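Here is how the chains run, residue by residue.
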Amino acid sequence: MTIEKTAIKDLLIITPTVFNDERGYFFEAYNQAKFHENGIMYQFIQDNQSFSQRGVIRGLHLQINPFAQAKLVRVLQGEILDVAVDLRKNSATYGKHFSVVLSADNKKQLMVPHGFAHGFSVLSETASVLYKVDQLYHKDSERGIRFDDPTLAIDWQINPSEVIVSEKDLVLPGFDAIDWEF
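Description of the structure in this document.

Parameters at a glance
- Residues numbered from 1 in each chain as written.
- Predicted model: local features only at pLDDT ≥ 70, side-chain atom pairs only at ≥ 80, totals over all residues.
- Heavy atoms only, no water.
- Pairing = 2+ DSSP bridges.
- Helix = DSSP H or I, 4+ residues; strand = E, 2+ residues; numbered from the N terminus.
- Axes fitted to C-alpha atoms, helices over the stretch in contact; angles between N-to-C directions.
- Phe/Tyr/Trp six-rings, centres within 6.5 Å; stacked < 30°, edge-to-face > 60°.
- Buried < 20%, exposed > 50% of the residue type's maximum accessible area, 1.4 Å probe, protein only.

What about the sheet that holds strand β2 (residues 12–15)?
The strands making up a sheet associate through hydrogen bonds between their backbones, and the pairing can be parallel or antiparallel. Read from one edge of the open sheet, six strands run β1-β2-β10-β7-β12-β5, paired in antiparallel fashion. Two strands close off the open sheet at either side, each with one partner strand: β1 (2–5) and β5 (46–53). Within the sheet, the average angular offset between the axes of one strand and its neighbour, ignoring direction, is 25°.

Here you go:
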């Protein structure tokens, strides 16, 4: 597998080595030893999976300390635009976001460390997303930022008339209203 650094420190794109033959393909999506060799030291304890239709935007979500979650995100079916926003106040890239297309075809994964808000939009007709986390869900630590926050100005690559967002995500505060830290 290859591990690619992004413009935001600690945010990584992981691309597996795919072995193709007449039967199909095989790859290691996660190998703890290889992750550790590359300084990715998370102990994943839970897998979460979602299924969504085109136009769905999930996020931007996070949990604050001591229940902050690192996420390893990949797509089992379809295609998404995966987005991470750096919320580490001491970071040179605080308030900056990074996006990458993850798909069942490209098999890329995004390693989202602690201190980031995370979300995605569905670009294909449907998409199944699987992500590993290193902390369990903790309702009192749950936070979020509105997907259409003008300060972040994220291009979700979805026509505004197609956007589908949960009621819960529609009432999230904007970036400028953040009053919590990691």
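Brief notes about the packing of aromatic side chains
Under the counting rule described, the total for this entry stands at five aromatic pairs. Between Tyr25 and Phe27 the ring centres are 5.8 Å apart and the planes differ by 15°, which places this aromatic pair in the stacked class. On the basis of relative accessible area, Phe27 is assigned to the buried category, the value being 17%. Look at Tyr30 and Phe44: their rings are 5.5 Å apart centre to centre, the planes differ by 80°, and that puts the pair in the edge-to-face class. Of this pair, Tyr30 sits in the loop between β4 (24–26) and α1 (32–37) while Phe44 sits in the loop between α1 and β5, and the two are 14 residues apart along the sequence. Each residue in the set Tyr30, Phe35, Tyr42 and Phe44 is aromatic and connected to the rest through ring pairs, giving one cluster.

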